[in-house]
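Structural overview for review
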Amino acid sequence: MSIAHGVARTSELTLYPKGEMPTKAATVAMAQAGAQPAMLACAPDYMHSTGVFGVWSVADRSTP
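In this text the structure is predicted, and so the values were computed from the model without any measurement. (Residues numbered from 1 in each chain as written. Predicted model: local features only at pLDDT ≥ 70, side-chain atom pairs only at ≥ 80, totals over all residues. Heavy atoms only, no water.)

Describing the overall build of the chain
Of the regular secondary structure elements, the chain holds two helices and zero strands. Relative to its 64 residues, the chain shows a buried fraction of 2%. Of the roughly 6,500 Å² that the chain leaves accessible, carbon and sulfur atoms contribute 61%. (Helix = DSSP H or I, 4+ residues; strand = E, 2+ residues; numbered from the N terminus. Buried < 20%, exposed > 50% of the residue type's maximum accessible area, 1.4 Å probe, protein only. Areas by Shrake-Rupley, 256 points an atom, 1.4 Å probe, with all protein chains shown as cover.)

Right under this line is the structure:
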């Protein structure tokens with residue numbers, strides 16, 4: 001397990017600090033938020049500029 005190949009072995013823990021015991025509705029809302037994490041995306045131009053995805057070019061959309 002000391003090589004960087006294969007399936008990732010990671011875990012996530014999300015904490016919701018509260019000053020009091022959360023209500024049942026608040027607990028359900030926290031669980032739903034954790035079940036559908038936000039996905040970050042960047043522009044194709046930026047991905048191309050990094051050069052880590054091999055040799056490809058960004059689609060030219062300057063004309064219809």
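Some points on a nonpolar patch on the surface
Nonpolar side chains collect at one region of the surface, where Tyr 46, Met 47, Val 52, Phe 53 and Trp 56 lie side by side and expose about 530 Å² of accessible area between them. Considering the arrangement of structural elements, one finds Tyr 46 in helix α2 (residues 44-50). Classification of Tyr 46 by relative accessible area gives exposed; the value is 51%. (Patch = residues over 30% accessible without salt bridge, like charges linked within 9 Å, V, L, I, M, F, W, Y side chains within 5 Å. Salt bridge = Lys/Arg side-chain N within 4 Å of Asp/Glu carboxyl O.)

Some words on the environment of Thr 27
Along the chain, the position of Thr 27 falls in helix α1 (residues 24-35). As a C-alpha pair, Thr 27 and Tyr 16 span 11 residues in sequence and 9.6 Å in three-dimensional space.

Quick notes on the environment of Ala 31
Take Ala 31: it is sitting in helix α1. Classification of Ala 31 by relative accessible area gives partly exposed; the value is 48%.

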